[in-house]
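For reference, the chains in residue letters:
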Amino acid sequence: MEQQDRIMDGDLQTLGLQSILKMLALSGKTGKLFVHSGPETLSVGLSRGQIVALHEEGTPQLQPDLLGMLCLIHRLHLPQAQAVHEMAQGDQELILAMLVERGWMSHQEMQQRLEFAVTQSISHALRWANGRFAFHRHLVPLGSRMQPLDVDSVLLEALRQADEWEEIVKEGVTQLSRTTIARWQPEVSNDVRNLGLTQESIDVLCLCNGEIPLQAIALVLMLPEARVARIIARLLELNLVEVVDTAFETELQQDLANLMMRCQYILAPYRGSRTPEHLLPGLIKTLAECVNGLLMHHGRYARSLRGRGHLSPVEIVRYLESCFMQPLQLLAKQHYPILETANFVNGQLDCSDILTLNRVVKGEQLEEFYWEAVRGLGTFLRMVFERLLRDEVGNSHTGRHLNMAWKHFLSEIDGEVKNYQMVRAQRKVTMRGYDVTQPPSIGMVPKWNGAPQPEAWGNGTPEREGDPYWSIDTQRRSI
Amino acid sequence: MAVPTVLVVDDSPTVRKIVQMTLQREHIRVITAADGLSALTSVADNMPALILLDIQLPRMDGYHICQIIRKNLQFRQIPIIMLSGKDGLFDKMRGRLAGSTEYLTKPFDSAELVRTVKKHLVNWEERMPVQQEGMRPRQRYRG
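Residues numbered from 1 in each chain as written. Chains lettered and ligands numbered in written order. Predicted model: local features only at pLDDT ≥ 70, side-chain atom pairs only at ≥ 80, totals over all residues.

Chemist: Kindly report on the environment of T341(A), identifying the contributing residues and their values.
Modeler: As for its placement among the helices and strands, T341(A) is situated in the loop between α12 (313-334) and β9 (343-345). Look past the residues within four positions of T341(A) in its chain and what remains in contact with it is D353(A) and I354(A). (Helix = DSSP H or I, 4+ residues; strand = E, 2+ residues; numbered from the N terminus. Contact = placed C-beta atoms within 7 Å.)

This is how it looks when you write it as structure tokens:
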């Protein structure tokens with residue numbers, strides 16, 4: 001950018017944005033005005049004193065997905081949005097032009113939307129107290145689809161919107177800003193039309209999906225940001241939405257990601273192992289470590305423990321036990337008796353009794369106990385994660401991402417479980433063949449009368465279960 | 001400014017997904033490969049700004065991939081961060097000899113991963129060879 005092209009620059013404290021724009025409009029200037037404040041930058045393209053383009057930069061989350069939002073308010077169907085999305089590659093002006101071209105939006109609406117976006121950005125920039133500006137002539141934006149806008153009328157509307165924002169701040173709606181992201185409370189699943197909300201409120205509620213900032217909601221609904229803030233404040237009062245704390249969720253996501261990485265690392269040496277004595281304890285260690293990691297995580301991030309300041313470890317332990325002790329006991333009682341040996345100690349699941357079973361039993365019997373523990377802990381792990389995720393982030397953007405990563409992690413565990421099942425099945429088949437001629441391996445109780453009856457192996461018929469000489473599979477239960 | 005692309009090569013779907021999730025939060029585009037050969041194809045097709053490379057991979061190990069990339073004039077400038085559970089001196093030396101830029105020991109912390117990746121993405125555009133128009137994504141990156 002040539003130095004001589006910059007014909008005006010200065011401090012916003014000396015000359016406000018309103019005065020700069022009026023001055024440039026009155027003198028009919030052509031060029032680009034850059035206004036910087038902190039990380040944010042606004043560039044306004046002027047042609048003969050009229051606004052022809054505007055671009056806002058600074059906060060990554062202020063790059064709204066216009067098509068996605070139009071789908072959420074039922075202005076566009078998903079296939080239509082997908083068709084435009086691929087070609088427009090996020091260019092907002094191009095998206096609008098393509099919608100007009102395909103007859104999915106009127107030309108008038110496109111102009112209104114472009115004008116609203118300009119007004120909204122200028123209204124926001126008018127509130128900047130500190131910053132710098134610079135005007136460069138000869139930098140004219142080409143090919144803008146927006147009709148030139150009169151500076152005075154844009155300023156008038158932008159000032160009105162800025163005043164409205166000041167008013168709601170005075171009223172005490174201070175917790176919301178234009179970057180605030182809200183999302184539906186996890187428990188809200190009823191028909192919201194029964195709550196007597198206005199259409200505007202319902203539209204705002206539809207867009208509160210935990211991904212769209214307040215500014216983008218205002219943009220797509222073409223409502224002043226202050227009015228949207230007022231609606232969100234009301235929805236917060238009604239407990240229909242909650243404000244997403246991005247920093248908190250990043251921390252939460254990182255903590256769970258680190259846990260999954262750690263557990264994957266524990267699992268790695270056992271992957272592909274075809275020796276049950278090696279693989280099964282490895283899986284138990286991984287599952288137990290993962291359950292304990294999740295419990296520790298939930299002790300820090302559980303919704304009912306948040307915002308209560310420093311909590312004593314006893315309180316956290318009590319909370320965790322109240323949440324997970326009963327499901328574990330139920331699981332042990334109804335499906336996996338081996339889990340009775342796993343106890344909650346200081347908010348952690350102690351599986352040392354299971355892992356030291358090799359001191360008490362050996363051979364196939366040990367393998368059977370390990371196998372039951374793997375299945376039981378696997379079920380409990382899924383149960384813990386499901387409850388934890390629902391409580392901490394619900395069906396939010398972060399929640400969905402974490403769920404997907406979790407599924408990948410589970411698929412690795414399931415892969416190893418399937419490998420083991422395969423080895424187990426192969427061995428059983430081989431054993432049936434060997435039964436007549438060869439002695440059984442260690443831990444197998446020999447069949448008394450010798451004659452193999454493959455169709456009856458392990459299918460648990462009552463008379464067989466009572467037979468003390470039947471396979472260890474059926475004996476184990478009584479042990 | 002365009003968005004940088006990071007290629008993650010690891011045979012574990014968990015590691016691939018977690019790294020992807022963590023870096024996407026930082027507005028970094030992530031592509032993944034599960035084995036050595038797909039990784040090389042992906043390097044040629046996508047020209048990543050950085051590669052996160054696991055050592056133990058099916059079909060071709062990480063050291064070998066690293067050597068191949070370093071021998072290629074077009075891709076030799078791409079920083080390669082080796083990911084491995086091995087933290088022995090010998091493995092680090094072997095990684096260095098193969099041409100890796102840095103070494104991250106598993107299980108790594110998400111924050112550490114982001115820090116390391118960002119450190120090597122500074123001025124990434126200057127290192128990139130000239131490409132055909134339209135190859136780079138148009139989103140914005142704030143490192």
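Further notes follow.
Chemist: So what's going on with the interface of chain B and chain A? Residues and values would help.
Modeler: Listed as interface residues are 21 residues of chain B and, on the opposing side, 21 residues of chain A. Taken together, the elements giving at least two residues each to the side of chain B that touches chain A come down to α1 (13-24) and α5 (110-121) of chain B. A total of 7 residues in the side of chain B that touches chain A trace back to one element, the largest contributor, which is α1(B). Along the lines of polarity and charge, the residues of the side of chain B that touches chain A split into 7 nonpolar, 7 polar and 7 charged. (Nonpolar A, V, L, I, M, F, W, Y, C, P; charged D, E, K, R; others polar.)

Chemist: Could you give an account of the sheet that holds strand β1 (residues 6-11) of chain A, with specific residues and numbers?
Modeler: Residue and element names in this part refer to chain A. With antiparallel pairing, 5 strands are arranged side by side in an open sheet as β1-β5-β2-β3-β4. In this open sheet, the two strands that pair with only one neighbour each are β1 and β4 (50-57). The average angle at which neighbouring strand axes cross in this sheet is 15°, direction not considered. The pairing of strand β3 (residues 40-47) with β4 spans 7 bridges and is classified as antiparallel. (Pairing = 2+ DSSP bridges. Axes fitted to C-alpha atoms, helices over the stretch in contact; angles between N-to-C directions.)

Chemist: Describe the environment of L114(A), naming the residues involved and giving the relevant values.
Modeler: Residues and elements named next belong to chain A. The residue L114 is located in helix α5 (residues 107-126) in this model. Taking the C-alpha atoms as reference, L114 lies 9.1 Å from Q92; in sequence the two are 22 residues apart. Excluding anything up to four places from it in sequence, L114 contacts L96 and M146.

Chemist: Pulling in residues and values, what's your account of helix α10 (residues 246-267) of chain A?
Modeler: Between the first and last C-alpha of α10(A) there are 31 Å, a value that for 22 residues agrees with the 32 Å anticipated at 1.5 Å per step. Buried within α10(A) are the following residues: E249(A), Q253(A), L256(A), A257(A), N258(A), L259(A), M260(A), M261(A), C263(A), Q264(A) and L267(A). (Expected span 1.5 Å × (residues − 1). Buried ≥ 20, exposed ≤ 12 C-beta atoms within 10 Å, placed from the backbone.)

Chemist: Give a description of the nonpolar core that names residues and reports values.
Modeler: If you look at the biggest cluster of nonpolar residues, it comprises 83 residues, and the most contacted ones within it are I284(A), V291(A), V6(B) and L53(B). Per-element accounting of this core gives the leading share, 12 residues, to helix α14 (residues 363-392) of chain A. When neighbours within four sequence positions are excluded, V6(B) is seen to be in contact with L23(B), I28(B), V30(B), P48(B), A49(B), L50(B), L52(B) and V117(B). With 64 residues, the next largest nonpolar core counts L33(A), V52(A), A117(A) and A226(A) among its residues. (Core = buried A, V, L, I, M, F, W, Y, C linked by C-beta atoms within 7 Å.)

Chemist: How would you summarise unusual backbone geometry if you had to cite specific residues and measurements?
Modeler: All names here are of chain B. Here K106 and P107 are connected by a cis peptide whose omega angle stands at -5°. Inspection of the secondary structure puts P107 in the loop between β5 (102-105) and α5. Although it is not a glycine, H27 adopts a positive phi angle of roughly 65°. For H27, a count of 16 C-beta atoms within 10 Å gives the class partly exposed.

Chemist: Describe in detail α12(A), supporting the description with residues and values.
Modeler: Residues and elements named next belong to chain A. Compared with an ideal rise of 1.5 Å per residue, which puts 22 residues at 32 Å, α12 spans 31 Å between its outermost C-alpha atoms and is within 8% of the ideal. The principal kink in α12, of about 35°, is found at F324, preceding the proline P327 by one to four residues. Taken residue by residue, α12 has L320, F324 and L328 as its buried positions. Against the buried residues of α12 lie α11 (276-301) and α14. (Bend = angle between axes of the 7 residues up to and from the residue.)

Chemist: Please provide a residue-by-residue account of the sheet that holds strand β3 (residues 50-54) of chain B, values included.
Modeler: Residues and elements named next belong to chain B. Strand order in the open sheet formed by 5 strands is β2-β1-β3-β4-β5, with parallel pairing between adjacent strands. Single-partner strands in this sheet number two, and they are β2 (29-33) and β5. On average, each strand axis in the sheet is inclined to that of its neighbour by 20°, with strand direction left out of account. Summarising the sheet, strand β1 (residues 5-9) and β3 pair through 4 bridges and their orientation is parallel. Following the sheet pairing, V9 is matched in β3 by L53.

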